[in-house]
Amino acid sequence: MKIRIVAEKFSLDSAVGIERYSYELANGLESQNYDCVRMAANPSRRRFSLALNAFFKLPTKVFFGRNPSLYHATDPSSAIALHMATVPTVSTVHDLLHFHDKGFTGRIARLAYRAAARCDKVIAVSQQTKEDLIEMMNVEPSKIAVTNEGVADSFHVSRNLKKKTLIAHVGDINPRKRLELVLEIFAKLQKLIPEVTLEFVGSPVASYLIPYQSKLVKMAFQNGIKEVAFSGRVSEQVLVEKYNRIGILLVTSITEGFCFPILEAQKCGTAVVILKDCRISPEVKTATIIAKDIEDAIHICYRLIVDEDYYRKVALNGIACAKMFTWENCIEQTIEVYKEVLAR
């Protein structure tokens, strides 16, 4: 089986989940001795560069490349290149976050989603993404295979590092994450437990998002938060260390496709609190603590900090849940998708 993995970029140390998925997928196939070739143009995260990659660089690579058994686009924008393919195609859809975007960005996003939906088989990384594909794109359910992403073995519990008073958010700095709610929760929690600290691990993945980080700094000052740490992007090794120090991970996003940080944090023994109105796939949030609203989130965080037995129970449940998500399972399920497509 000759497989060509078409992606924007392959990267292990990335704040962009799709880049990590692409890396783990290709690495896993290669480890099983499949004839796997990585095809990427490695664009910057600027909008023009991403469009150039999708419409010109990757299609050129597909057109001039030797025909494999199949092509697999690891994200919808990379699937645009597959209209040049003459062999079976598979695409992976992580989310449909930009389906309703307006302007140029929205038009390109919908074009990419349609390109992904035209492939012979569509892999959805979560049950929620599958439901969105059916509802928003009218994709036939039988055409979609749900294959959850994994959490690397490097994420593990290290003893004697946990600082329960460290509250954090891990992920890119983006308005979709509603990080102003993290600030609101922390500001009120700090009045109850003055020694709590706050850290944002991640950075804006595009230049147009930088003003949002500046807005958060201003909001922190206005809410009486004297110091907020912005760590920026970090390597996987550093991220594992940070998860092992973080006491509580807060997730306040409007919606997520898979949300790596939840499972990564849980595998490192960190309690995860999410807001009830966050759209996160049910299989991912199984062992999280779901807060009804801001006040409930504050109450939960307070209890986690002061009640050692409660924290231990939550942490152990999270570890058990996170261990179910492995890249080995993801790769095996993906190979089954390939076999199904080639058998037609």
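Residues numbered from 1 in each chain as written. Predicted model: local features only at pLDDT ≥ 70, side-chain atom pairs only at ≥ 80, totals over all residues. Heavy atoms only, no water.

The next point concerns a nonpolar patch on the surface. Together, Leu-192, Tyr-302 and Val-306 make up an exposed nonpolar region whose accessible area comes to about 280 Å². Mapped onto the elements, Tyr-302 comes out in helix 10 (residues 294-306). For Tyr-302, a relative accessible area of 34% corresponds to the partly exposed category. (Patch = residues over 30% accessible without salt bridge, like charges linked within 9 Å, V, L, I, M, F, W, Y side chains within 5 Å. Areas by Shrake-Rupley, 256 points an atom, 1.4 Å probe, with all protein chains shown as cover. Salt bridge = Lys/Arg side-chain N within 4 Å of Asp/Glu carboxyl O. Helix = DSSP H or I, 4+ residues; strand = E, 2+ residues; numbered from the N terminus. Buried < 20%, exposed > 50% of the residue type's maximum accessible area, 1.4 Å probe, protein only.)

To continue, consider unusual backbone geometry. Glycine aside, the phi torsion of most residues is negative, and most peptide linkages are trans. At Asn-138, a residue that is not glycine, the phi angle is positive and equals roughly 55 degrees. Inspection of the secondary structure assignment puts Asn-138 in the loop between helix 5 (127-137) and strand 6 (144-146). Although it is not a glycine, Cys-259 adopts a positive phi angle of roughly 70 degrees. With respect to the helices and strands, the residue Cys-259 is situated in the loop between strand 10 (246-251) and helix 9 (260-267).

The next point concerns the pattern of salt bridges. Under the counting rule described, the total for this entry stands at 18 salt bridges. The network of salt bridges with common partners includes Asp-172, Arg-176, Lys-177 and Glu-256.

Counted according to the given criterion, the structure contains 1 cavity of 30 Å³ or more. There is about 50 Å³ of room inside the largest cavity. Taken together, His-169, Val-170, Lys-177, Leu-249, Leu-250, Val-251, Ser-253, Glu-256, Cys-259 and Pro-261 form the lining of the largest cavity. Secondary structure elements with two or more residues in the lining of the largest cavity: strand 7 (163-170) and strand 10. Considering every element that reaches the lining of the largest cavity, the biggest residue donor is strand 10, with 3 residues. Broken down by class, the residue content of the lining of the largest cavity amounts to 6 nonpolar, 2 polar and 2 charged. (1 Å grid on protein atoms, 1.4 Å probe; cavity = no way out; pocket = protein on both sides within 12 Å on 5 of 7 lines; lining within 4 Å. Points joined across faces, edges and corners; volume = space filled by probe spheres on them. Nonpolar A, V, L, I, M, F, W, Y, C, P; charged D, E, K, R; others polar.)

Burial analysis of strand 1 (residues 2-7) places 5 of its 6 residues in the buried class, which makes it a mostly covered element. In the sheet, strand 1 pairs with strand 2 (residues 35-40) via 6 bridges, with the strands oriented parallel. The residue bridging Lys-2 from the neighbouring strand is Asp-35, located in strand 2. Two strands pair when backbone bridges link them, and strand 1 and strand 3 (residues 70-73) are joined in this way by 4 bridges, in the parallel orientation. Bridging across to strand 3, Arg-4 finds its partner in Tyr-71. (Pairing = 2+ DSSP bridges.)

Turning our eyes to something else, we now look at helix 4 (residues 103-117). Between its first and last C-alpha atoms helix 4 spans 21 Å; for 15 residues at 1.5 Å apiece the expected length is 21 Å, and the two agree. Among all positions in helix 4, only Gly-106, Ala-109, Ala-112, Tyr-113, Ala-115, Ala-116 and Ala-117 are buried. Considering only its buried residues, helix 4 is in contact with helix 3 (76-79), strand 4 (89-93), strand 5 (121-124) and helix 5. (Expected span 1.5 Å × (residues − 1). Contact = heavy atoms within 4.5 Å.)

Let us now look at the pairing of strand 7. Summarising burial for strand 7: 7 of the 8 residues are buried, a large majority. Pairing geometry for strand 7 and strand 10, over 3 bridges, is parallel. Counted as the bridge partner of Ala-168 is Leu-249 from strand 10. Of the pairings in the sheet, the one linking strand 7 to strand 8 (residues 197-201) comprises 5 bridges and is parallel in character. Residue pairing in the sheet places Ala-168 in a bridge with Glu-199 of strand 8. In this fold, the crossover linking strand 7 to strand 8 by way of helix 6 (residues 179-192) has right-handed handedness. (Right-handed = clockwise from strand over helix to strand, strands pointing away.)

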